[in-house]
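An overview of the molecular structure
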Amino acid sequence: MTTKYFLLLVLTAASLRMLAPSSSLAQSQEIEVAFLSDIHLQDIYATLHSADFKGVFHPKTGKYATIRSMKSQLNSTRLFNENYFAFIQALEDLKHKGIRLVVLPGDFTDDGQPMNVLALQGILDQYAEACGMRFFLTTGNHDPVKPFGGIGGKKDFLAADGSEQAIAGDADFFPSEKVAVSSQINYWGYEEITHALSDFGFFPAAQDLFWAHPFQELDVDGYDYRRAMENSRLDQRLYKTENSEKLVPDASYVVEPVAGVWLLALDGNVYTLSGANWSGSSVGFNQAVTAKRHQLDWIKKVAMEAEKRGKTLISFSHYPLVDFHDTASDAMKSLFGEQKFQLARVPSRETSREYTNAGIRIHFAGHMHINDTGVFTDAASGKTLVNVQVPSLAAFPPAYKTLTFPEPGIAEIATIQLEAVDRMDEFFDLYRREQQWLLQTNDPKRWDPRILHANDYLDYTRNHLLQLTKSRFIPSDWPENLAVLLRGLRLEELDRWTSMRPETGEVFLREKLQKLNGPKRRDGFSPELIDDFYLVKNGDELGKNLIPPVRLRFYEGLFSELAERPLSEEQALDAQLVRFFYIFEKLFHSLPSDHFFIDLQKGKVKRVGAVADS
């Protein structure tokens, strides 16, 4: 598609949209914004245009399903299939609530493939036209995977017999697999993705009061929509990558969709070129702070202009700007290792300081598939940044967040958890067919079929997390002996251990570990403690709500007993266990993340109904 032709299409579409009523939104007494992150949308009934494979026929719908296997889902940090229905459910919820401003902070598709981007485009168009919703997107590490696109593929689509089918844009993409060829599974780049989704923030819209990008002057008083449209082409929004002369798009923008509110969309993607191959990174602002220095300088200008004009600046990106482990990340690195638990994604204090002093006060992020609130205050400047982690609709806890302003300078954040999701079990019969295939072939990665007994979507995602913890997280991230102990120690044994001196505790734990690893160990392990840890780490307050009160009380007592125990870098079992409970306590006693207020001037966070929290 040529730039000239695309510009004509966008101008025509924008002119038509001007006919839709928007003044009521701008004049609304209460502005409400919803944040739906990490949708990872995949078209579950896609047209692959492939002679080799068109999906698995589903008798329930009479259509060919293009879904991934359950085995694949239970080895991934996200769902691939049922999240499609969760996204529709969330949009229906927003429709009934009358919320018309909707932000999607990245990873809005599986991997930026044509079939998935176009499916998203169709859904957003439908709700924009039928409900008057405005959508504002920013990029994630899954969209685009490569800045200029390329051949892509997945080897785990579900086939008719329950096995897995590889699909790729080229027959040689997976040399050892029988590949069904389809261009619909290739990677789209910036140009294709932003043009397909051009109505959703990446370019100016006629009804916006202001729109700008990092490579132009901030001329608010002289703002002109047509001139902004002409200056918004991607070829005018390029920056030079590190250690290369190549230019890559930066899709950041600032927009004023309603009077007084500026939405700051930050493209935090960083790419590197090796030979002729581009690769992306999932690290986020620890890299962008240097690789996209132009962006940071622009943020400072936007923040100053917003303050001068009395605008409320709301920043959002796929990537967080503050430690999302309730200040426990350093202890986690010490216990688990710097490359475990995706700790490379945690913004350093230096990174947080840069963006805080640039003028950002409130920032909404995704990427981590967790529910959390983090606060960073720079001691030198006294400035504070509040980072709100929006959960994923494709993982536990499945939820979105809303933002309102009950009074000037006060933001109210609510977290809406999805429970009942229509059509959630649509593919369960196909998964049972897969389970039969895995049994017949004696596949060692057979999954637990109890996940198909989930009561609702919340229960389904919780089961997904618990199975993922067992099959992937514990083997890859945990010291083996610590994991064995935490799954083998009874609560009363832990209670006894807390009263022991370190030397005595070490002997006790060594003896216990020997029994647990011995031939006469009791059958099975008790997974509750580690499972509770992940419920809290990923869900925060939403996760704690699912832990029985008796265990919550036990953890409180345990934390109190260990409060005076010093931390040690030693690898002795006693020292490791103390460090683990130090981390658990930090996550357990976190800032409010469910329903809370933020004082945007003071950077204070207060739970709704509480006196103060920070």
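Figured I'd write up the structure that's included with this text. (Residues numbered from 1 in each chain as written. Predicted model: local features only at pLDDT ≥ 70, side-chain atom pairs only at ≥ 80, totals over all residues. Heavy atoms only, no water.)

1. Observations concerning the environment of Val255
Along the polypeptide, Val255 turns up in strand E12 (residues 253–258). Separated by 324 residues in sequence, Val255 and Arg579 have C-alpha atoms that sit 45 Å apart. Those residues in contact with Val255 that lie beyond four places of it in its chain are Phe136, Asp208, Phe210, Trp211, Val261, Trp262 and Leu263. (Helix = DSSP H or I, 4+ residues; strand = E, 2+ residues; numbered from the N terminus. Contact = heavy atoms within 4.5 Å.)

2. Considering the packing of aromatic side chains
Counted by the stated rule, this structure contains 40 aromatic pairs. The interplanar angle of 10° and the centroid separation of 6.0 Å between the aromatic rings of Phe341 and Tyr534 together place this pair among those described as stacked. Here Phe341 is found in the loop between helix H11 (329–336) and helix H12 (349–357), whereas its partner Tyr534 is found in helix H18 (residues 528–539), with 193 residues between them in sequence. Comparing Phe341 with Tyr534 shows no difference in burial state: the two are buried. Ring centres of Trp478 and Phe580 lie 5.7 Å apart, and the angle between their planes is 50°; on these two criteria the pair is classed as tilted. In this pair, Trp478 is assigned in the loop between helix H14 (457–477) and helix H15 (480–488) and Phe580 in helix H21 (residues 573–588), connecting sequence segments 102 residues apart. Residue class for Phe580 comes out buried when judged on its relative accessible area of 0%. (Phe/Tyr/Trp six-rings, centres within 6.5 Å; stacked < 30°, edge-to-face > 60°. Buried < 20%, exposed > 50% of the residue type's maximum accessible area, 1.4 Å probe, protein only.)

3. Remarks on H11
Among all positions in H11, only Ser329, Ala331, Met332, Leu335 and Phe336 are buried. Around the axis of H11, the buried residues are gathered within 155° of arc, so they sit on the same side. Against H14, H15, H18 and H21 lie the buried residues of H11. Positive phi shows up at Gly337, right after H11, with a value of about 115°. (Arc of directions from axis to C-beta.)

4. A closer look at the nonpolar core
Ranked by internal contacts, the top residues of the largest apolar core, which has 126 residues, are Leu36 and Phe135. Excluding anything up to four places from it in sequence, Leu36 contacts Phe87, Ala90, Leu91, Leu94, Val102, Val103, Leu104, Pro105, Leu393 and Tyr400. Counting residues in each nonpolar core, the second largest holds 52 residues, with Phe341, Leu343, Ile474 and Leu486 among its members. (Core = buried A, V, L, I, M, F, W, Y, C linked by side-chain atoms within 4.5 Å.)

5. Digging into the sheet that holds strand E4 (residues 101–105)
Sheet architecture is open: seven strands sit in the order E5-E4-E1-E20-E21-E22-E23, paired in mixed fashion. Edge positions in the sheet fall to strand E5 (134–138) and strand E23 (604–607), since each of these pairs with one other strand and no more. Across this sheet, the average inter-strand angle for adjacent strands is 25°, counted without regard to direction. Direction of pairing for strand E21 (residues 410–417) relative to strand E22 (residues 595–599): antiparallel, over a ladder of five bridges. Looking across to E22, one finds that Ala414 is bridged to His595. Relative to E5, helix H5 (residues 114–131) is tilted by about 150°, and along the sheet it contacts E4 and E5. (Pairing = 2+ DSSP bridges. Axes fitted to C-alpha atoms, helices over the stretch in contact; angles between N-to-C directions.)

6. Digging into the layout of surface pockets
Size it by volume and the largest pocket reaches roughly 600 Å³. Surrounding the largest pocket, 22 residues form its lining, Asp448, Arg450, Leu466, Gln467 and Lys470 being those nearest its centre. Contributions of two or more residues to the lining of the largest pocket are made by H14 and H18. No other element matches the nine residues that H14 contributes to the lining of the largest pocket. Its residues placed into classes, the lining of the largest pocket shows seven nonpolar, five polar and ten charged. (1 Å grid on protein atoms, 1.4 Å probe; cavity = no way out; pocket = protein on both sides within 12 Å on 5 of 7 lines; lining within 4 Å. Points joined across faces, edges and corners; volume = space filled by probe spheres on them. Nonpolar A, V, L, I, M, F, W, Y, C, P; charged D, E, K, R; others polar.)

7. Here's the deal with H15
Of the positions making up H15, those classed as buried are Leu482, Ala483, Val484, Leu485, Leu486 and Gly488. Those residues of H15 hidden inside the fold are in contact with H11, H14, helix H16 (491–498), helix H17 (502–517), H18 and H21.

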